[in-house]
Structure formats: C-alpha cells, structure tokens
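# Summary of the model geometry
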Amino acid sequence: MSTTTLAAPAAGASASIDRLFLSLALAASAILIALVLLDGHAASAALILGGFGLGVAFLKAEFSYTASWRRFLTRGEAGGMLGGLIVIAVAAFVIVPVAALSPEFGGAIAPLGPSLIVGAFTFGIGMQLANGCGSGTLYTAGGGSGRMLIALLFFIIGCVFGSLSLPSFLALGGIDPVLASDYFGRWGGLAATLLSLAIAAAIIIAIARKRGANFVPSRSYVVGGIVIGLLSIAVFVAGGHPWSVTFGFTVWGTKAASALGYDFSQSPFWQWAGPKHALQGSVLSDTSSLTDFGMLFGAMAAAAASKPFARGAWPPAKSLLAAAIGGLLMGWGARLGFGCNIGAFVGGVASGSLHGWVWFVAALPGCLIGIRLRPLFGLSKD
Amino acid sequence: MRTVYIIVLVLGLTAIVTQHLISPSTGRAVSPEDFGGACAPCGAPCPSKR
C-alpha cells in the first residue's frame, strides 16, 4: 500500500490529534474487549490487542507488501521484499517449533494443487489493482482511505463468492500439506524454513543487483518487520494458530448475506465443521475476526493520533472501480488460495509449509498482470 | 469522507455487538483449523480425506 492512497491532510491543516476519531477507535476497541472479557475469554482480548498493535505498526512503518512487490517487479528494488521476509523469519522462530511440539498449537498448512495456484495468481492481480493486500487493505481502510474502504467491502463480497467456488476447485485434485517439521523435526524444520528464506533473499538480492537497484531495506522496514513479526508471534500464542486475515472477511460477508435472506445451507464450504461453527456463532468467537477488528481500530487510532483523520477527497471513479475489482479478485483468490499474503504466504512459510512458497510464486505473475492493468484505471505502474 | 467513516463505524459496531449478543455462546475463540479433519486455515479437508 503506498502512502499516496492514505488520506492526506487537507491543505493548510496542521498536524494534530483528531480527538473524535481517536476516541471512536479507542472506544470501539474497548467495547469489543469488554464484551469478550465479560465472557471470560482473555485470549480473545489479547487477539484484539494484538490486531490493534499490528494496525499501529503497519501504519506507522507504512509497511506495504503490495508496493514492495510492485517496486521489485517494475524496478528491481528489493528492500521492501526483504522487509517482508524479516517478518516471516521472526515469526518462524516460534511458530515452527511450537506448532510441532505442542498439540495446543498448529501451523498454517494447506494442500498443494490447482486451487492454491489459481487463487494466489488471482489474488496477485487484485492486490495491484486495489493497491493493497490483506493486511494493507485493513490498515489503510482503518487509517482513513475511503478508497480502501471500497476495496474492503468488495474484498468481503469476493470472499463469499470464493467460499462457494472453493469446493469445486478442490475437486480438481491436489496433495496433502507438506510441512518441513514433518520431515526434519521441529528444529530441523526451523532450520529448513530459515534456509528457504535465506535462499529467497539471496535470489531477490541477486535480481536487484543485476538490475542495478537498491536492495537494502529502509529503517522503517527493518524495525517494522521485526515489530510485526513479534506481534505475529503474540497473535499465534493467543490464538493457537498463525495470524490470518481473510477468513474473518468470509464470515462477515456470509453472515450479512444470510441476514439478507441468502441460504448457505447447501454450500459444501459452509458444511465443513470450522466454517459451520463460525457461521453459527458470534463473530467475536472467530480468531481471524478479532485480529481484523483490532487492526482496523489500531490503524484508525494511529492515524487519528498524528493528523486529521480522513480529510482527503474521494479519488476519481476509475480509481474506485479498480479498488472494487481488485477487492473482488482478492476475496475470491484468497478463498481459493487458502488465504492472502498474510494467512497463506507469511503464515504458511513461517509454519514451514510448502504451500506458502507456492502461493508466493503463483502470486507474483498475477501481480505483473495487475501492474499492467493499473494504467487502465488511472493508476501508475510504479 | 469523515461522515462515511462515522456511519460505517457506528453501523459496523452496532452489528458486531448485536450479533454477539444474540448468538449462542460457543466458548473460546477458535479458528476453523481447530476442528478435526481441517487441512487449511479455512477448514477445508485434506485431498487424501476426500
């Protein structure tokens, strides 16, 4: 997510605290935390707080997977890409061994097959059109970008359509998850995961050097990467699984559609035990939703604490159209691809699951297509 | 844009709170991966189990 899509202060406005939106963000967070604490679920409160911290960290560091990947693909600049790998490396130090050691915890795993590849590729197109990925859409929408609020709405709608499509794509075949710790043990699995990250970093740096581009991450990406990695660990400890984003969107959209009269009782996806439980229960009993809410309000609080909130004008209609199409593609792609750049790529690789790397390799060509489509909507290729 | 944000925030928060209060208690927060047979973060089954 580039900073240009965040709401800029109105001309002449001095940097100041937006007390109204800061109060709203803090009050909303406090209400949700109070609700889950009243039910005696301290871990749920921790997930909201973890999400809140992630929203603050992403916004303050302007940490963007979408812009980083675009800069790498168009100019060869690798600093942002390496910052993203720092997040994974930090998280892997805890997730790989703990998930292998304790039955209370689990890594982000997913099968390998056509669904994963098609989903990640589609997500890649969408993230460049929307100008934000799973985490980017959350923190920029929370941070005051009306454009990304549109992207989020269509992201949610896309997730619902994706939930209806996923069973058909799974029927095309695939193989069971491949987890490093299953082959090398918990410490060997961690070593294999870190080695895979080192190899990826070496390849990325080599490409940047060949193109004469910068490959040193900025200070904000190094610090942001470490902080986001540590917060990912906190979310993992509180929720028992790596941080994920888009299942929450799927639940929100399907609950809203159900309230409007749509019937999902015949959908195979919503008959699986996990989704069925999520659809029947409170939205505050879904781990993904809890961190999503926290992230939205955390980004809102951080944005409102530093400047007037959402003072920017709405972008041109073509840009809003790109946000809507991008959101739809990301939502549909995230369901088929078993998550977004966070749940599938960061969570997958940090768990030592091969599907994380497959997702990454499939998403990059999608990003290339998305970058080529951006000028059609008045967006730059950079 | 600020008005839109206020409306979205108020409606969204009201929906979350209302939905939480009228939903059956389901215990601690869970992920679809917590359920038996789940092979992905969304709870999809493993190819070998289908």
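As a reminder, the structure under discussion sits directly above these lines.
Every value quoted in this text rests on a predicted model; they were computed, and no experiment measured them.

### Focus: the overall build of chain A
Along its length, chain A carries 15 helices and zero strands. The C-alpha radius of gyration of chain A comes to 19 Å, within 12% of the 21 Å expected for a compact globule of 382 residues. Dimensions of chain A along its principal axes, counting C-alpha atoms only, are 60 × 55 × 35 Å. When each of the 382 residues of chain A is scored for burial, the buried share is 61%. Across chain A, the fraction of contacts at a sequence separation of at least 24, relative to all contacts at a separation of at least 6, is 83%. Entry remark: accessible area of chain A is about 13600 Å², with carbon and sulfur atoms responsible for 69%. In chain A, 20 side chains carry a positive charge and 11 a negative one; their mean positions are 14 Å apart.

### Focus: the nonpolar core
Residue and element names in this part refer to chain A. Trp 69, Leu 85 and Phe 345 are the most contacted members of the largest nonpolar core, which has 119 residues in total. Residue contributions to this core peak at 11 residues, all from helix H12 (residues 287-304). The contact partners of Leu 85, leaving out residues within four places of it in the chain, are Leu 197, Ala 200, Ala 201, Ile 204, Phe 345 and Trp 357. Core analysis: the next-biggest nonpolar cluster, separate from the first, contains five residues, Ile 125, Ala 322, Phe 377 and Leu 379 among them.

### Observations concerning helix H1 (residues 2-22) of chain B
Over its 21 residues, H1(B) extends 30 Å from the first C-alpha to the last, a length consistent with the 30 Å expected when each residue adds 1.5 Å. By the burial criterion, the buried members of H1(B) are Arg2(B), Tyr5(B), Leu9(B), Leu13(B), Ile16(B), Gln19(B) and His20(B). Summarising the axial view, the buried residues of H1(B) lie within an arc of 135°, below the 170-degree limit, and thus occupy one face. The outward face of H1(B), more than 90 degrees from its buried face, is lined by the exposed residues Thr3(B), Leu11(B), Leu21(B) and Ile22(B). Looking at the packing, one finds that the buried side of H1(B) touches helix H1 (19-38), helix H6 (134-142), helix H7 (146-170), helix H10 (246-259) and H12 of chain A.

### Considerations on the packing of aromatic side chains
Residue and element names in this part refer to chain A. Tallied over the full model, the rule gives 25 aromatic pairs over all chains. An angle of 25° between the planes, with centres 4.5 Å apart, marks the rings of Phe 21 and Phe 309 as stacked. With Phe 21 in helix H1 and Phe 309 in the loop between H12 and helix H13 (317-336), the pair connects residues that are 288 residues apart, well separated along the chain. Of the two residues examined, Phe 21 and Phe 309, each falls in the buried class.

### Things to note about the state of the cysteines
Per the stated rule, a full pass over the model turns up one disulfide over all chains. Disulfide pairing places Cys39(B) opposite Cys46(B) at an S-S distance of 2.1 Å. The disulfide joining Cys39(B) to Cys46(B) has a torsion of about 90° about its S-S bond and is therefore right-handed. Residues Cys39(B) and Cys46(B) agree in their burial class; the two are buried. Not part of a disulfide, Cys133(A) finds its nearest cysteine sulfur in Cys340(A), a span of 6.8 Å. Residue class for Cys133(A) comes out buried when judged on its relative accessible area of 1%. Cys42(B) forms no disulfide, and the closest cysteine sulfur to it belongs to Cys39(B), at a distance of 9.6 Å.

### What about the pattern of salt bridges?
The tally for this structure, following the rule as stated, stands at three salt bridges over all chains. Note that Arg2(B) and Asp18(A) form a salt bridge whose closest N and O atoms lie 2.5 Å from each other. Within this pair, whereas Arg2(B) is found in helix H1, its partner Asp18(A) is found in the segment before H1, the two belonging to separate chains. Owing to a relative accessible area of 7%, Asp18(A) belongs among the buried residues under this scheme. A salt bridge links Glu77(A) to Arg75(A); the nearest nitrogen and oxygen atoms lie 3.1 Å apart. Glu77(A) sits in the partly exposed class, given a relative accessible area of 28%. Assessed through its relative accessible area of 33%, Arg75(A) is described here as partly exposed. When salt bridges that share partners are traced, they join Arg75(A), Glu77(A) and Asp382(A) into one network.

Rules of the game
- Residues numbered from 1 in each chain as written.
- Chains lettered and ligands numbered in written order.
- Predicted model: local features only at pLDDT ≥ 70, side-chain atom pairs only at ≥ 80, totals over all residues.
- Heavy atoms only, no water.
- Helix = DSSP H or I, 4+ residues; strand = E, 2+ residues; numbered from the N terminus.
- Rg over C-alpha atoms; globule rule 2.2 N^0.38 Å.
- Buried < 20%, exposed > 50% of the residue type's maximum accessible area, 1.4 Å probe, protein only.
- Contact = heavy atoms within 4.5 Å.
- Areas by Shrake-Rupley, 256 points an atom, 1.4 Å probe, with all protein chains shown as cover.
- Lys, Arg positive; Asp, Glu negative; His and termini not counted.
- Charge placed at Lys NZ, Arg CZ, Asp CG, Glu CD.
- Core = buried A, V, L, I, M, F, W, Y, C linked by side-chain atoms within 4.5 Å.
- Expected span 1.5 Å × (residues − 1).
- Arc of directions from axis to C-beta.
- Phe/Tyr/Trp six-rings, centres within 6.5 Å; stacked < 30°, edge-to-face > 60°.
- Disulfide = S-S within 2.5 Å.
- Salt bridge = Lys/Arg side-chain N within 4 Å of Asp/Glu carboxyl O.

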